[in-house]
Amino acid sequence: MKIPVTLIASVCAVISLQAEPARNPIIHADVPDIAIIRVNDTYYMSSTTMHMSPGLPIMKSKDLVDWKLAGYVYDVLEDNDSLSLMDGKNAYGKGSWASSLRFHKGTYYASTFSASTGKTHVFTTKDIEKGPWKETSFKPSLHDHSLFFDDDGKVYMLHGGGDLKLTELNSDASGVKAGGFDEIVIRDATGVAGPNRGLNAEGSQLIKVNGKYYLFNITWPRGGMRTALVHRADKITGPWEGRIALQDKGVAQGGLIDTPDGKWFAYLFQDHGAVGRIPYLVPVKWEDGWPVLGVDGKVPETLDIPVDKDGLAGIVTSDEFNTAKLPLEWQWNHNPDNSLWSLTKRPGALRLTTGAVIADVLSARNTLTQRTFGPESSASTILDSSLMKDGDCAGMIALQKNYGFVGIKAADGKKSVVMVSVGNNQAEEVESVPFTGKAAHLRINCDFRNKTDKAEFQYSLDGKSWITIGKPLKMSYTLPHFMGYRFGLFNFATKSAGGSADFDYFRLSPTIGR
């Protein structure tokens, strides 16, 4: 009987802290566009996972640092060709974007918008950890909106870029209110950052403190860095006055959260190369009715929050595939075909079965993914190729537009261990090694230190002696995918469907395997 190996066990050196000060970044992994609420002494956070399924993750914390996945708002955003990798279409970089998270009169609200559906989606539940969530959707798709319940009973979404618009909704947030307020309330919100125009102010997050409204946005002045903006007003319809809230290390986009004992923090994120967009916490003080972010305008390395766990422990996990369901840390690349994967057909293994003939791994349904993480991370598996068919290719991938993978390829009655990577938009089989066995150990090492952003690919026949195959992949964060790199397990067919690949486990480490 296998003994489950969780990340908590495998990275004990990382998470066996003893009430040490928390450090930035609070999570060294791709958790962008975060929205946080506090209900009594518990914090809940949502984030963007775009084309992944299930989507719109909900995370839970008691200290703003140690986060654990509690669930997802939806299993499938919509069943269409692009979200399901059908008919040559895909939703890379689309799906659902920046969410808004609220708790109002006993109901939790999570809203998002999607270029893949052209809609604004609003989900509600009485139990944010267990659900179920009820969905309503409407057009148009309100970009980077902030859902807001005002004290007078009115409900709004503030949204857009550059010129920011306030749109009144029905009282249950189910759609745009007929005849309701629907006007631009801040023209050229970007202007307070200076004359070097770049990214228009977006990523709105709206709160109300002591009777005043505060709106946070992100901009990126040309030749400068990502910058956090704040506007304030006495009335939600304006007039609004604005200023730069933070301009340091490119840490920006987010909002404010308070603690039960009256402290304030800004939750923001930083573009950090190939690992993705990583969350930071920044202390906040109030001066003359304005939130003042940082310590002397800088993002501190340590925080006045004692912690005994690392924030990654509840975000990624190892998996022995010994249970009847997948842990929450897993997400499928696009909507899965649930008839073509199994944890029971071979107990103790994940079986991925091909359902269509496709051209490459980016078109493969049922690629199962987890976040890579920094500063270093390594993932390993055993791939049993016994049930693969001629033309199949299965293995482990460092997933982004410029991907790299190591796996087993079946072709012309023979098998080989291959390393494939993408350079100049072309996939290249960099190395192929004849393979006559049944199963191979596979491993990917990711080095994100100082934005080195390199992945190394290895295989082993016995799990002890590892052989590097191919060449290192220079990982690059690209907008077509708009996500940090993910570890993924895959199987795809190039000749005929129906072949299967069995993965005995998935194990993570915070150090690079040698």
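Residues numbered from 1 in each chain as written. Predicted model: local features only at pLDDT ≥ 70, side-chain atom pairs only at ≥ 80, totals over all residues. Heavy atoms only, no water.

Visitor: Sorry if this is basic, but what is going on with the overall build of the chain here?
Guide: Within the chain, the regular secondary structure consists of two helices and 38 strands. Over its C-alpha trace the chain gives a radius of gyration of 23 Å, about what one expects of a compact globule, namely 24 Å for 514 residues. By its C-alpha atoms, the chain is 75 × 50 × 45 Å across when sized along the principal axes. When each of the 514 residues of the chain is scored for burial, the buried share is 58%. The contacts of the chain with a sequence gap of at least 6 include a subset with a gap of at least 24, amounting to 58%. Only carbon and sulfur atoms are counted for the fraction: they give 49% of the accessible area of the chain, which is about 20,600 Å². Positive and negative charge centroids in the chain, built from 56 and 57 side chains respectively, lie 2 Å apart. (Helix = DSSP H or I, 4+ residues; strand = E, 2+ residues; numbered from the N terminus. Rg over C-alpha atoms; globule rule 2.2 N^0.38 Å. Buried < 20%, exposed > 50% of the residue type's maximum accessible area, 1.4 Å probe, protein only. Contact = heavy atoms within 4.5 Å. Areas by Shrake-Rupley, 256 points an atom, 1.4 Å probe, with all protein chains shown as cover. Lys, Arg positive; Asp, Glu negative; His and termini not counted. Charge placed at Lys NZ, Arg CZ, Asp CG, Glu CD.)

Visitor: Teacher, can you tell me more about the pairing of strand β9 (residues 119–125) here?
Guide: When a strand is regular, its side chains alternate between the sheet's two faces. Counted residue by residue, β9 has five buried out of seven residues, so it is predominantly covered. Judged from the seven bridges that link them, strand β8 (residues 107–114) and β9 form a sheet pairing that is antiparallel. From the neighbouring strand, Ser114 faces β9, where its bridge partner is Lys119. The antiparallel hairpin formed by β8 and β9 contains four residues in its connecting segment, where Gly118 sits at a positive phi of about 70°. In this structure, β9 lies alongside strand β10 (residues 134–138), joined through five bridges in antiparallel fashion. (Pairing = 2+ DSSP bridges.)

Visitor: Just checking my understanding: could you explain the sheet that holds strand β19 (residues 252–258) for this structure?
Guide: Within a sheet, adjacent strands bond to each other through the backbone by hydrogen bonds, running parallel or antiparallel. The sheet built from four strands is open, its strands ordered β19-β20-β21-β22 with antiparallel pairing. On the outer flanks of this sheet lie β19 and β22 (290–293), each paired with one strand and no other. Going across the sheet, the axis of each strand differs from the next one's by a mean of 35°, ignoring polarity. Here strand β21 (residues 277–287) runs beside β22; their pairing, made up of four bridges, is antiparallel. Counterpart to Lys285 in the pairing with β22 is Val292. (Axes fitted to C-alpha atoms, helices over the stretch in contact; angles between N-to-C directions.)

Visitor: Explain the pattern of salt bridges here, please?
Guide: Applying the stated criterion to the full structure yields 28 salt bridges. With a closest N to O distance of 2.9 Å, Lys495 and Asp390 form a salt bridge. One end of the pair, Lys495, is in the loop between β37 (486–493) and β38 (500–509); the other, Asp390, is in the loop between β28 (376–384) and β29 (392–399), with 105 residues separating them in the sequence. Under the relative-accessibility criterion, Asp390 is labelled partly exposed at 29%. The salt bridge involving Asp447 is made with Arg449; its shortest N-O contact spans 2.9 Å. Given a relative accessible area of 11%, Asp447 falls into the buried group. (Salt bridge = Lys/Arg side-chain N within 4 Å of Asp/Glu carboxyl O.)

Visitor: What exactly am I supposed to notice about the state of the cysteines here?
Guide: Here a disulfide denotes a covalent bond joining the sulfur atom of one cysteine to the sulfur atom of another. In the structure shown here, the tally under the stated rule is zero disulfides. Looking at Cys393, it has no disulfide partner, and the nearest cysteine sulfur is the one in Cys446, 18 Å off. Residue classification places Cys446 among the buried positions, given a relative accessible area of 0%. (Disulfide = S-S within 2.5 Å.)

Visitor: Hey, could you run me through the packing of aromatic side chains in this one?
Guide: Centre distance and the angle of the planes are the two values used to describe a pair of aromatic rings. Taken as a whole and judged by the stated rule, the model has 17 aromatic pairs. Each ring, one from Trp97 and one from Phe113, has its centre 6.1 Å from the other, and the planes form 80°; the classification is edge-to-face. With a gap of 16 residues between them, Trp97 in the loop between β6 (68–74) and β7 (100–104) and Phe113 in strand β8 connect regions that are remote in the sequence. Overall, Phe113 belongs to the buried group, its relative accessible area being 5%. Above the ring of Tyr505, the side-chain terminus of Arg507 is found at 3.8 Å from the ring centroid. (Phe/Tyr/Trp six-rings, centres within 6.5 Å; stacked < 30°, edge-to-face > 60°. Lys NZ or Arg CZ within 6 Å of the ring centre and 35° of its normal.)

Visitor: Explain unusual backbone geometry to me, please; I cannot follow it from the model alone.
Guide: Only a minority of non-glycine residues have a phi that is not negative, and only a minority of peptide bonds are not trans. The peptide bond linking Asn24 to Pro25 adopts the cis configuration, its omega dihedral lying at -5°. Cis geometry is found at the peptide bond from Gly374 to Pro375, where omega equals 0°. Structurally, Pro375 can be placed in the loop between β27 (368–371) and β28. Despite not being glycine, Leu85 has its phi angle at roughly 55°, a positive value. Even without glycine at this site, Asp288 takes up a positive phi of about 55°. Position of Asp288 among the secondary structure elements: in the loop between β21 and β22.

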